[in-house]
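Each chain, written out:
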Amino acid sequence: MDDDRYGCAQATELLAELAVGAIAGEQRADVLRHVAGCPSCRAELAELARVADGLLQLAPPVEPPAGFESAALARIAVEAAPSPSVAAKPRYPRIRRPGRALAAAFALVVAVALGAGAVWWRTAADRSLAARTRQTQELADGRYLKAARLTTVAGDSAGTVFMYEGNPSWLLVTISAAPVDGSYRVVLINQDGRRYPIGACEVASGSGTTAYRLATVASIDTIEMTAPSGVLLTART
Amino acid sequence: MTDEALLAGMAAGDAQAATTLVRRYQARVYGLALTIVGVPATAEDVAQDAFLRAWRFAGGYDPRRGGVATWLLSITRNAAIDAVRMRRDQPYEPELLLAMLDTRSADDGGQERTADADRVRTALRTLPRDQAAAVVMATFYGLTAKEIGAREGVPIGTAKTRIRLGLARLRDKLEVHDG
Ligand SMILES: [Zn+2]
């Protein structure tokens, strides 16, 4: 590292202070810079931070005052509430279109439900799921998570569609190997044959992600994605 | 439902999951907030803020780095420290803090958690008082080595050494039990 002012010896001296949060300002920035480029100091820091974080559980639990629970949930609800939109006329019973953060949250649902943790998300869905298309995982209270492979007309794998049936339900499209880039139109086809356009998914360098919150995903039969050039990708649930 | 599933449900906007998670952890989150800020009204605000942050950052939770409880408590610590930074004049009493941490509380989180807390508590007890005080003042109050030195009436270098030796010793003690 050109701008690494610290060697391992100097950094090691300060890792404990960093782990407990007792270092500030420029010195902190310098150690962090070294740690970012040094796997052995990074491992040492992670271990020390685990020890420091473990101390926090020693704080005695105290029941909060009455009304705490509803106040805490209300604060979350206020932040989660959709901004008022005027002329939204969703054809599919949809709650609202989530942003990038919610797509990430959904990815967490998927990762946790599949029991693979964060590693799964980083190593991409399709590798671990390609062999298990149309997999359904039952969760508690009638909830489930379903994964379906997204393929080209020729049958090549292009990505994965995840459907989470819950409250609310979610549909997440992850594309990792699209044959062409562009803005794909996403259409849901229900079991009764009705088609519902639900939006677009931007694909660049063959990949893209988009998520939708829906009232239910139980009635979906097929997901169709069409590129501006007419290239079609489909997933059957 | 596991903690991870609850966190994921909450992140996805599932109100029931959020309720269960808050109910499961509110006493520990509020207890930690109160330990740090010392004022019930502020602690309540901090604890609510911690759950809000948990919801907001749930996507960043990495199961490889520890359980949901540890993650939630470190979020709470950060929220509490942010709150007390506004008023640095609050007196910090390391003796009181150490005594609180040394008290075994009534079982509220199952045997596994209690056993882990006991292990940590026992390890902390083996530290010389000065090292223990330096480590917990930094960990709980977010004080820097310079601030700890000033409060304990020792040079900054001494405070740094206490933190380093104290944490290293804690780790050794905990590792012995792990292995
Ligand atoms: Zn290093």
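Structure report, in brief. (Residues numbered from 1 in each chain as written. Chains lettered and ligands numbered in written order. Predicted model: local features only at pLDDT ≥ 70, side-chain atom pairs only at ≥ 80, totals over all residues. Heavy atoms only, no water.)

Some details on the overall build of chain B
The number of helices and strands found in chain B is nine helices and zero strands. Each helix and strand of chain B, placed in order from N terminus to C terminus, yields the pattern α-α-α-α-α-α-α-α-α. Per-residue burial over chain B gives 53% buried out of 179 residues. The contacts in chain B between residues at least 6 apart in sequence include a share of 62% that link residues at least 24 apart. (Helix = DSSP H or I, 4+ residues; strand = E, 2+ residues; numbered from the N terminus. Buried < 20%, exposed > 50% of the residue type's maximum accessible area, 1.4 Å probe, protein only. Contact = heavy atoms within 4.5 Å.)

Looking at unusual backbone geometry
All names here are of chain A. Look at Ser 205: it is not a glycine, yet its phi comes out positive at around 50°. If you trace the backbone, Ser 205 turns up in the loop between strand 7 (195-203) and strand 8 (208-214). Take Ser 205: its relative accessible area is 69%, and that puts it in the exposed class.

Side note on the interface of chain B and chain A
Taken residue by residue, the interface counts 68 residues in chain B and 56 residues in chain A. Taken together, the two surfaces of chain B and chain A that pack against each other cover about 5,600 Å², and 65% of this comes from carbon and sulfur. Of all residues in chain B, the largest losses of buried area upon contact with chain A belong to Gln 48, Leu 167 and Arg 171 of chain B, amounting jointly to 12% of the total for that side. The tally of links between chain B and chain A comes to eight salt bridges. Linking Asp 49 of chain B and Arg 75 of chain A is a salt bridge whose minimum nitrogen-to-oxygen distance equals 3.7 Å. Where chain B meets chain A, there are 10 residue pairs in polar contact (both at pLDDT 80 or more). Breaking the side of chain B that touches chain A down by element, the ones donating at least two residues are helix 1 (3-11), helix 2 (15-37), helix 3 (40-57), helix 4 (68-85), helix 5 (94-101), helix 6 (110-125), helix 7 (129-141) and helix 9 (156-178) of chain B. (Buried area = accessible area lost by both parts, 1.4 Å probe. Salt bridge = Lys/Arg side-chain N within 4 Å of Asp/Glu carboxyl O. Polar contact = N/O pair within 3.5 Å; in protein donor to acceptor, adjacent residues only side chain to side chain.)

Considering the side chain of Arg 77 of chain B
Turning to its location among the elements, Arg 77 of chain B is positioned in helix 4. Separated by 3.3 Å, the side chains of Arg 77 of chain B and Asp 53 of chain A make a polar contact. Of note is the side chain of Arg 77 of chain B, whose polar atom sits 3.1 Å from the side chain of Asn 78 of chain B. For Arg 77 of chain B, the contacting residues outside a window of four places in its chain are Asp 53 and Leu 56 of chain A together with Leu 32, Ile 36, Thr 139 and Phe 140 of chain B.

Here we look at the nonpolar core
Judged by nonpolar contacts, the single largest core of 85 residues is most densely connected at Val 31 of chain A together with Phe 51, Leu 124, Phe 140, Leu 167 and Leu 170 of chain B. Counting residues per element, this core draws most heavily on helix 2 of chain B, which supplies 11 residues. By size, the runner-up hydrophobic cluster in this structure holds 25 residues, among which are Ala 158, Val 161, Val 173 and Leu 214 of chain A. (Core = buried A, V, L, I, M, F, W, Y, C linked by side-chain atoms within 4.5 Å.)

What to know about the packing of aromatic side chains
A full pass over the atoms with the stated rule returns three aromatic pairs over all chains. Ring centres of Tyr 61 of chain B and Trp 71 of chain B lie 5.4 Å apart, and the angle between their planes is 65°; on these two criteria the pair is classed as edge-to-face. Remark: Trp 71 of chain B occurs in helix 4 and Tyr 61 of chain B occurs in the loop between helix 3 and helix 4; sequence separation between them is 10 residues. Feature note: the residues Phe 68 of chain A together with Tyr 30 and Phe 51 of chain B constitute an aromatic cluster, connected by ring pairs. (Phe/Tyr/Trp six-rings, centres within 6.5 Å; stacked < 30°, edge-to-face > 60°.)

Points about the coordination of the zinc ion
Residue and element names in this part refer to chain A. With distances of 2.1 to 2.3 Å, the protein atoms coordinating the zinc ion are Cys 8 (SG), His 34 (NE2), Cys 38 (SG) and Cys 41 (SG). One way to put it: the four donor atoms around the zinc ion meet at angles of 102 to 120°, and that makes the site tetrahedral. Motif for the zinc ion, donor spacing along one chain: C-x25-H-x3-C-x2-C. Remark: Cys 41 occurs in helix 3 (residues 39-55) and Cys 8 occurs in helix 1 (residues 8-20); sequence separation between them is 33 residues. For Cys 8, a relative accessible area of 39% translates into the label partly exposed. Taking relative accessible area as the criterion, Cys 41 reaches 3% and is therefore assigned buried. (Donors = N, O, S within 2.8 Å, 3.2 Å for Na, K, Ca; no water. Tetrahedral: all angles 85-135°; square planar, octahedral: opposite > 155°, others 65-115°.)

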